Amino acid sequence: MARTPQEIFDHHVTAIGAADLDGIVADYAEDAVLVTPDGVVRGRDGIREVFAGLLGEIPDADWDIPTRHHVGDLLFIEWTAVAEKARAEGVDTFMFEGDSIRAQTVRLPLEHTA
């Protein structure tokens with residue numbers, strides 16, 4: 001039975017909080033698209049690289065998602081991640097299809113604090 005978009009995102013949040021790259025990437029379709037201000041990343045390998053870089057910049061961060069709007073297969077979020085030496089504040093949009101994330105846009109400016 002396929003997971004709902006909310007279930008997929010709940011798993012995604014748990015995997016990010018645990019810095020579980022395999023778990024993060026497993027939530028995406030094989031040919032998923034991730035769009036950032038720096039460009040477009042396609043597929044799980046590219047998505048893995050983006051998350052490895054982000055988690056490397058903000059290890060052991062405290063994550064908060066104060067804004068979540070689910071509309072069918074679409075999700076809009078605002079989030080913050082605060083670590084010892086850096087913080088990020090992001091805005092994402094997710095499109096879900098079947099049992100995975102099909103597309104995501106993200107803006108995640110990173111600020112080094114130490």
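## What to know about the nonpolar core
Within soluble globular proteins, side chains that are nonpolar generally end up buried alongside one another. Core analysis: the largest hydrophobic core is formed by 27 residues, its most contacted members being Ile-24, Tyr-28, Ile-47, Ile-58, Phe-94 and Phe-96. Taken together, the elements giving at least two residues each to this core come down to helix H1 (5-17), strand E1 (28-36), helix H3 (43-57), strand E4 (74-82), strand E5 (86-97) and strand E6 (100-107). Setting aside residues up to four positions removed in sequence, Phe-94 forms contacts with Phe-9, His-12, Tyr-28, Asp-73, Leu-74, Leu-75, Ile-77, Ile-101, Ala-103 and Gln-104.

## Some details on the pattern of salt bridges
This structure, assessed with the given rule, holds seven salt bridges. For Arg-3, the salt bridge goes to Asp-99, with nearest N and O atoms at 3.0 Å. One end of the pair, Arg-3, is in the segment before H1; the other, Asp-99, is in the loop between E5 and E6, with 96 residues separating them in the sequence. Assessed through its relative accessible area of 37%, Asp-99 is described here as partly exposed. One network of salt bridges, in which partners are shared, links Arg-3, Asp-27 and Asp-99.

## So, the confidence of the model for the chain
Mean pLDDT over the chain stands at 95; residues scoring 70 or higher make up 100%. The element-level mean pLDDT for the chain is lowest in strand E7 (residues 110-112), coming to 91, with helix H2 (residues 21-26) highest at 98.

## Observations regarding the packing of aromatic side chains
One pass over the structure, following the stated rule, counts four aromatic pairs. Ring geometry for Tyr-28 against Phe-51: centres 6.2 Å apart, planes inclined by 50°, an arrangement best described as tilted. Separated by 23 residues along the polypeptide, Tyr-28 in strand E1 and Phe-51 in helix H3 bring together distant segments of the chain. Neither Tyr-28 nor Phe-51 differs from the other in exposure class; each is buried. With a centroid separation of 6.0 Å and 15° between ring planes, the pair formed by Phe-94 and Phe-96 is classed as stacked. According to the relative accessible area criterion, Phe-94 is buried, its value standing at 1%. In this structure an aromatic cluster arises from ring pairing among Phe-9, Phe-94 and Phe-96.

## As for a nonpolar patch on the surface
A contiguous nonpolar surface patch, about 280 Å² in accessible area, is contributed by Val-71, Leu-74 and Met-95. For Val-71, the location among the structural elements is in strand E3 (residues 62-71).

## Considering the side chain of Thr-36
Relative to the assigned elements, Thr-36 resides in strand E1. Relative accessible area serves as the criterion here: at 18%, Thr-36 is assigned to the buried category. In terms of polar contacts, Thr-36 uses its side chain to reach the backbone amide nitrogen of Asp-38, at 3.0 Å.

## Notes on H1
With 13 residues, H1 ought to run about 18 Å at 1.5 Å a step, and its terminal C-alpha atoms sit 18 Å apart, in line with that. One or two steps after H1, the chain reaches Ala-19, where phi turns positive at roughly 55°.

Here is what the cut-offs are and how they apply
- Residues numbered from 1 in each chain as written.
- Predicted model: local features only at pLDDT ≥ 70, side-chain atom pairs only at ≥ 80, totals over all residues.
- Heavy atoms only, no water.
- Core = buried A, V, L, I, M, F, W, Y, C linked by side-chain atoms within 4.5 Å.
- Buried < 20%, exposed > 50% of the residue type's maximum accessible area, 1.4 Å probe, protein only.
- Helix = DSSP H or I, 4+ residues; strand = E, 2+ residues; numbered from the N terminus.
- Contact = heavy atoms within 4.5 Å.
- Salt bridge = Lys/Arg side-chain N within 4 Å of Asp/Glu carboxyl O.
- pLDDT = per-residue confidence, 0-100.
- Phe/Tyr/Trp six-rings, centres within 6.5 Å; stacked < 30°, edge-to-face > 60°.
- Patch = residues over 30% accessible without salt bridge, like charges linked within 9 Å, V, L, I, M, F, W, Y side chains within 5 Å.
- Areas by Shrake-Rupley, 256 points an atom, 1.4 Å probe, with all protein chains shown as cover.
- Polar contact = N/O pair within 3.5 Å; in protein donor to acceptor, adjacent residues only side chain to side chain.
- Expected span 1.5 Å × (residues − 1).

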